Amino acid sequence: MLWNKKNVYVERVVSAAITYLDLWKVAQVNRVDVPISSGQNLTGIEHWSKPSIGELKVNCDVALFAKEKSHDMGWIARNHDDGSFIAVAAVKKSGQLDPLVTEAMSLKEALSWVKSNWGGVVTPMGDIPAAMVMETDCLMLVQVIQSNKQIPSPLGLIISECIYLI
């Protein structure tokens, strides 16, 4: 009752603690040391690049709005020809979610679209893409998926679905 005047059950606290401990362990195993900036402007180091020939690239991202207690999820698929859009999806939902959960849901939706539409995606040259590139800005999500570790929580179920779709 102390925080946000919400009654939280012990089971939920324990489940959340176990989930975040598992995520922390995965992050430590896959840790990438980032050099501390010495006043350098690092803006612009990472740039989006169009897919290689024969590839389809799908970018997923989310936006969280604390004041409105809502979140947006979206993804965009682009071809290798000129980076033009093949498909775009954006959803605005009410409710505050953990950022990692929201990122995982966005990736799952994009992967579901890829799986259900793979045969229908045709490049300008008339062929089906030979490769699919998925991009997200959520390093922890990538690390958890690459670890292929089972996480006993709702987040773990979403990640398991992502792994299955991949």
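Read on for an overview of the structure. (Residues numbered from 1 in each chain as written. Predicted model: local features only at pLDDT ≥ 70, side-chain atom pairs only at ≥ 80, totals over all residues. Heavy atoms only, no water.)

1. Let's talk about the environment of Val-144
Test applied: A helix here means a DSSP run of H or I that spans at least four residues, while a strand means a run of E at least two residues long, and both kinds are numbered starting from the N terminus.
Within the secondary structure, Val-144 is located in helix H3 (residues 139–147). Distance from Val-144 to Asp-22, taken between C-alpha atoms, is 9.2 Å for residues 122 residues apart in sequence.

2. Regarding the pairing of strand S1 (residues 55–65)
Defined as follows: Strands are treated as partners if at least two bridges between them are detected by DSSP.
Pairing analysis gives five bridges linking S1 to strand S4 (residues 131–135), with the strands arranged parallel. Each bridged residue has a counterpart across the sheet, and for Val-58 the counterpart in S4 is Met-134. Examined bridge by bridge, S1 and strand S2 (residues 70–79) share ten bridges and lie antiparallel to one another. Counterpart to Ala-63 in the pairing with S2 is Asp-72. Where S1 hands over to S2, the hairpin turn is made up of four residues, of which Lys-69 adopts a positive phi near 50 degrees.

3. Quick look at unusual backbone geometry
Positive phi outside glycine occurs at Lys-69, with the angle close to 50 degrees. Inspection of the secondary structure assignment puts Lys-69 in the loop between S1 and S2.

4. A short note on the packing of H3 against helix H4 (residues 154–165)
Under the convention used in this document: Axes here refer to lines fitted to C-alpha atoms; in helices the fit is confined to the stretch in contact. Angles between the N-to-C directions go from 0 to 180 degrees. Here the angle decides the label: under 35 degrees means roughly parallel, over 145 means roughly antiparallel, 65 to 115 means roughly perpendicular, and every other value means oblique. By convention, the crossing between two helices is left-handed when the near helix turns anticlockwise from the far helix through less than a right angle, and right-handed when the turn is clockwise. Any pair of residues with heavy atoms lying within 4.5 Å of one another is described as a contacting pair.
It is the contact of H3 with H4, at a shortest axis distance of 10 Å, that shows an interaxial angle of 65 degrees. Our classification of the angle between H3 and H4 gives roughly perpendicular. Crossing geometry of H3 relative to H4 is assigned as right-handed. Seen from H3, the contacting residues are Leu-141, Val-144 and Ile-145; seen from H4, they are Ile-159, Cys-162 and Ile-163.

5. Digging into helix H2 (residues 99–117)
Threshold: To estimate the expected span of a helix, count its residues, drop one, and scale the result by 1.5 Å. For each residue, the accessible area found with a 1.4 Å probe, counting protein chains only, is set against the maximum for its type, and the residue is called buried under 20%, exposed over 50%, and partly exposed in between.
Taking 1.5 Å of rise per residue, the 19 residues of H2 would be expected to cover 27 Å, and the 27 Å separating its terminal C-alpha atoms lies within 8% of that figure. When H2 is considered as a whole, its buried residues turn out to be Leu-100, Val-101, Thr-102, Glu-103, Ala-104, Ser-106, Leu-107, Lys-108, Ala-110, Leu-111, Trp-113 and Val-114.

6. Considering H4
Between its first and last C-alpha atoms H4 spans 17 Å; for twelve residues at 1.5 Å apiece the expected length is 16 Å, and the two agree. Taken as a whole, H4 has its buried residues at Leu-155, Gly-156, Ile-158, Ile-159, Cys-162 and Leu-165.

7. Brief notes about the pattern of salt bridges
Selection rule: Should a side-chain nitrogen of Lys or Arg be within 4 Å of a carboxyl oxygen of Asp or Glu, the pair is scored as a salt bridge.
Summed over all chains, the structure comprises four salt bridges. The shortest N-O distance in the salt bridge between Lys-92 and Asp-72 comes to 3.4 Å. Residue Lys-92 is found in strand S3 (residues 85–94), and its partner Asp-72 is found in strand S2; the two are separated by 20 residues along the sequence. On the basis of relative accessible area, Asp-72 is assigned to the partly exposed category, the value being 25%. Between Glu-109 and Lys-108 there is a salt bridge; the shortest N-O distance is 3.3 Å. The exposure class of Glu-109 is partly exposed, given its relative accessible area of 40%. Owing to a relative accessible area of 16%, Lys-108 belongs among the buried residues under this scheme. It is possible to trace a salt-bridge network through shared partners that takes in Lys-108, Glu-109 and Glu-161.

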